[in-house]
Structures are given as structure tokens and as C-alpha cells.
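A closer look at the structure
Below, each chain spelled out in residue letters.
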Amino acid sequence: MKHTVTETIEIDRLNAITCDICQTTYRDGLEMQEFHHILTTGSYGSIFGDGTLIECDICQHCLMRLLGGYIRTEHQDERA
């Protein structure tokens, strides 16, 4: 005989992301998938501090505005 129990499971579902630079909140799936997430830990000698968690969410528009002149881009089909 099988004995069962009913469980309720909560799932965190992403429904928006706010850019840490421009403070714009995006709910559009295409915009959200183009966000750039920085998550790292400062190491010995880091200006942020040894062991400090460093985190930032940046929309594609701010990334292009702030770093566009330094970013190298290449289409995947050009790599052949």
C-alpha cells in the first residue's frame, strides 16, 4: 500500500529586475535576459575589502552607455 502526503512547495519566480545604475525596473523577459550580473568576492588587497561580497545588476543600456567604447563584440558565426 502506498501512503502519500500533500506538500506545498514555494518557488521564487523572477518577475522584475531593477538596474543598480539607472534604477529602471524591467519586467519584460527579453530585457531581463540581457541584464549583466556581477557577483564576486573581494580578495586580499581588494579596494572593496578582503572577503567582501560585491554584487551589481546592470541593464544592457547602462552597460553600453558606460562601457560601450571598451567592449569587444563578435557575432558567433564570425568565429569560424
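You'll find the structure just up there.
Everything in this summary refers to the structure shown in the same document.

Reading the values: rules and limits
The written sequence of each chain sets the order in which its residues are numbered from 1. Reporting in this predicted model follows two pLDDT cut-offs: at least 70 for local features of residues, and 80 or more for side-chain atom pairs to be given and counted; totals over whole chains, interfaces and linings ignore these cut-offs and use all residues. Side-chain numbers come from the whole structure's heavy atoms, not from hydrogens or water. As used in this record, nonpolar core signifies buried Ala, Val, Leu, Ile, Met, Phe, Trp, Tyr and Cys residues forming a set joined through side-chain atoms within 4.5 Å. Burial status follows relative accessibility: with a 1.4 Å probe on protein chains alone, a residue under 20% of its type maximum counts as buried, one over 50% as exposed, and anything between as partly exposed. Throughout, a contact is declared for two residues whenever any of their heavy atoms are within 4.5 Å. Any Phe, Tyr or Trp ring, taking Trp's six-membered ring, that has another such ring centre within 6.5 Å forms a pair; planes under 30 degrees apart are called stacked, those over 60 apart edge-to-face, and the others tilted. Secondary structure elements follow DSSP: runs of H or I of four or more residues count as helices, runs of E of two or more count as strands, with numbering from the N terminus. Within this scheme the basic residues Lys and Arg register as positive and the acidic residues Asp and Glu register as negative, but His and the chain ends are omitted. Salt bridge, as applied in this entry: a Lys or Arg side-chain nitrogen positioned within 4 Å of an Asp or Glu carboxyl oxygen. We define a polar contact as two N or O atoms separated by no more than 3.5 Å, with the added condition that, inside protein, one atom must be a possible hydrogen donor and the other a possible acceptor, whereas residues neighbouring each other in sequence contribute only through side-chain atom pairs. In this analysis, a patch consists of residues with relative accessible area above 30% that form no salt bridge, clustered at 9 Å for like charges and at 5 Å for the nonpolar side chains Val, Leu, Ile, Met, Phe, Trp and Tyr. With residues, only the protein chains shown are counted as cover, and all accessible areas are computed by Shrake-Rupley using a 1.4 Å probe. Two cysteine sulfur atoms form a disulfide, by the criterion used here, when they sit within 2.5 Å.

Before going further, it helps to spend a moment on the nonpolar core. By size, the foremost hydrophobic cluster in this structure holds nine residues: I17, C19, Y26, M32, F35, I58, C59, C62 and L63. For C62, the contacting residues outside a window of four places in its chain are C19, I21, C22 and L67.

The next point concerns the packing of aromatic side chains. Summed over the entire model, instances satisfying the criterion amount to one aromatic pair. On the basis of an interplanar angle of 75° and a centroid distance of 5.6 Å, the ring pair of Y26 and F35 is categorised as edge-to-face.

What follows is about the side chain of E31. Position of E31 relative to the elements: it lies in helix α1 (residues 29-33). We note that E31 is buried and unpaired, the nearest opposite charge coming from R65 at a distance of 13 Å. Here the side chain of E31 touches Q60 through a polar contact of 3.0 Å, side chain to side chain.

This brings us to a nonpolar patch on the surface. On the surface, I21, L66, L67, Y70 and I71 cluster together into a nonpolar patch covering about 490 Å² of accessible area. For I21, the location among the structural elements is in the loop between β1 (17-18) and β2 (25-26). Take I21: its relative accessible area is 35%, and that puts it in the partly exposed class.

Next up on the list: unusual backbone geometry. The backbone phi angle of Q23 is positive, close to 65°, even though this residue is not glycine. Relative to the assigned elements, Q23 resides in the loop between β1 and β2.

So, about the state of the cysteines. On inspection of all chains with the given rule, the structure shows zero disulfides. Unpaired in this structure, C22 has its nearest cysteine sulfur neighbour in C62, at a distance of 3.7 Å. No disulfide involves C62; its nearest neighbouring cysteine sulfur is the one of C59, lying 3.7 Å away. What makes C62 buried here is its relative accessible area of 3%.

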